Amino acid sequence: MTADNVRITDPDALIDEAAGLASDGVGPETSAALADIAGRDRRLVEAARDQAAVKVREGVDDWEATAALQLLNRVLADLPRHDPLDWQVRWKHHRKP
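Residues numbered from 1 in each chain as written. Predicted model: local features only at pLDDT ≥ 70, side-chain atom pairs only at ≥ 80, totals over all residues. Heavy atoms only, no water.

Novice: Before we move on, can you summarise the overall build of the chain with the specific residues and values?
Specialist: The secondary structure content of the chain amounts to five helices and zero strands. Start at the N end of the chain and walk to the C end: the helices and strands fall as α-α-α-α-α. Residues counted as buried form 34% of the 97 residues belonging to the chain. Sequence-distant contacts, at least 24 apart, represent 71% of the contacts inside the chain between residues at least 6 apart. Surface exposure of the chain reaches about 6900 Å², of which carbon and sulfur atoms provide 50%. (Helix = DSSP H or I, 4+ residues; strand = E, 2+ residues; numbered from the N terminus. Buried < 20%, exposed > 50% of the residue type's maximum accessible area, 1.4 Å probe, protein only. Contact = heavy atoms within 4.5 Å. Areas by Shrake-Rupley, 256 points an atom, 1.4 Å probe, with all protein chains shown as cover.)

Right, dumping it as structure tokens:
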């Protein structure tokens with residue numbers, strides 16, 4: 001469905017891509033492929049996940065949205081989380097000598 005070096009920046013397009021990839025099954029390879037398509041942008045994947053969750057709530061028999069949500073959650077689990085308010089980071093940078 002996608003070619004190499006394709007980057008998606010729209011959450012709706014990412015949901016469509018996730019649904020297409022999830023049709024073959026959800027595994028580590030599909031998770032890595034979707035993360036690359038999203039440019040490893042955690043905010044984009046979170047926005048797509050939120051929209052997919054709304055679609056699942058609206059139509060409980062929407063299996064495409066359910067599969068996309070499962071894949072998006074797997075991608076989020078694999079992406080690193082950066083918390084600028086993490087106490088260890090703040091302590092390291094603002095510690096008195």
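The structure having been displayed, the exposition proceeds.
Novice: Tell me about a negative patch on the surface, residues and numbers included.
Specialist: Taken together, the side chains of Asp 10, Asp 12, Asp 16 and Glu 64 define an acidic patch exposed on the protein surface. Residue placement: Glu 64 occurs in helix H4 (residues 63-78). Assessed through its relative accessible area of 58%, Glu 64 is described here as exposed. (Patch = residues over 30% accessible without salt bridge, like charges linked within 9 Å, V, L, I, M, F, W, Y side chains within 5 Å. Salt bridge = Lys/Arg side-chain N within 4 Å of Asp/Glu carboxyl O. Lys, Arg positive; Asp, Glu negative; His and termini not counted. Charge placed at Lys NZ, Arg CZ, Asp CG, Glu CD.)

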